[in-house]
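# Tertiary structure, described
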Amino acid sequence: MDSSTLLAELNPEDLILEAPSVIAWKLGIVDNADDVAQFMYQGGPYPIAAGQPGKFDDRRPDKTYWQAVKSEMNLFLCTDDKRYRELWKRIEELDKKSTSTVVALVSAYLGSIIGAAGTVIAGFVAVCFYAILKLGKEAYCRYNSAEAEEV
């Protein structure tokens, strides 16, 4: 399986269910994946449902998880990095390639690399997939490659 085939099977509406903050992009409140992800990590703007700042225990993951997921998703989808051959094989072996199943599998795999539970990073993985579907794979890869070179 290749990335184009995988991306064609993903449903953008299901990605919103995996990462509700994506709705902000869909509605035009934000215009990129980094702005969506800010709602999902500590130190970012408070989610609308949380109410007033300081009124809830912020249990969102650290921003470093978002940065790590972006980096790994770039390697996974934009390069032929050999670390991801096993993940591609597992995706191809899935009987039903629903969006939530793909997000869960990729999140678990990336989590083992990053050192985080797949459930902690699943929303970030969904944001990356949504960005690819919205921008196109080539634009996504070009943007993330250029961003990685700046670091």
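The structure under discussion appears in the preceding block.
Summarised in this report is the structure supplied together with it. Every value quoted in this text rests on a predicted model; they were computed, and no experiment measured them.

## Focus: the side chain of Thr-99
- Tracing the chain through its elements places Thr-99 in helix α7 (residues 99–114).
- Judged by its relative accessible area of 2%, Thr-99 is buried.
- Apart from residues no more than four positions distant in its own chain, Thr-99 is found in contact with Glu-9, Leu-10, Asn-11, Asp-14 and Leu-15.

## With respect to the nonpolar core
- Ranked by size, the top nonpolar core spans 44 residues in total, and within it Met-73, Phe-76, Val-106 and Phe-129 carry the most contacts.
- Broken down by element, this core gets its largest block of residues, 11 residues, from helix α8 (residues 118–135).

## Let's talk about the state of the cysteines
- For the structure on display, the rule yields one disulfide.
- Note that Cys-78 is cross-linked by a disulfide to Cys-141, the S-S spacing being 1.9 Å. Measuring handedness by torsion sign, the sulfur bridge of Cys-78 and Cys-141 sits at about -80 degrees and is left-handed. Remark: Cys-141 occurs in helix α9 (residues 137–150) and Cys-78 occurs in helix α5 (residues 63–78); sequence separation between them is 63 residues.

## Some points on the environment of Ala-68
- Topologically, Ala-68 is positioned in helix α5.
- For Ala-68, a relative accessible area of 23% translates into the label partly exposed.
- Sequence separation between Ala-68 and Asn-144 is 76 residues, and the spatial gap between their C-alpha atoms is 12 Å.

## Considering the environment of Ile-91
- Along the chain, Ile-91 turns up in helix α6 (residues 85–93).
- Judged by its relative accessible area of 0%, Ile-91 is buried.
- With 59 residues separating them in the primary sequence, Ile-91 and Asn-32 have C-alpha atoms 27 Å apart.
- The contact partners of Ile-91, leaving out residues within four places of it in the chain, are Met-1, Leu-6, Phe-76, Lys-97, Leu-105 and Val-106.

Quick notes on the rules
Residues numbered from 1 in each chain as written. Predicted model: local features only at pLDDT ≥ 70, side-chain atom pairs only at ≥ 80, totals over all residues. Heavy atoms only, no water. Helix = DSSP H or I, 4+ residues; strand = E, 2+ residues; numbered from the N terminus. Buried < 20%, exposed > 50% of the residue type's maximum accessible area, 1.4 Å probe, protein only. Contact = heavy atoms within 4.5 Å. Core = buried A, V, L, I, M, F, W, Y, C linked by side-chain atoms within 4.5 Å. Disulfide = S-S within 2.5 Å.

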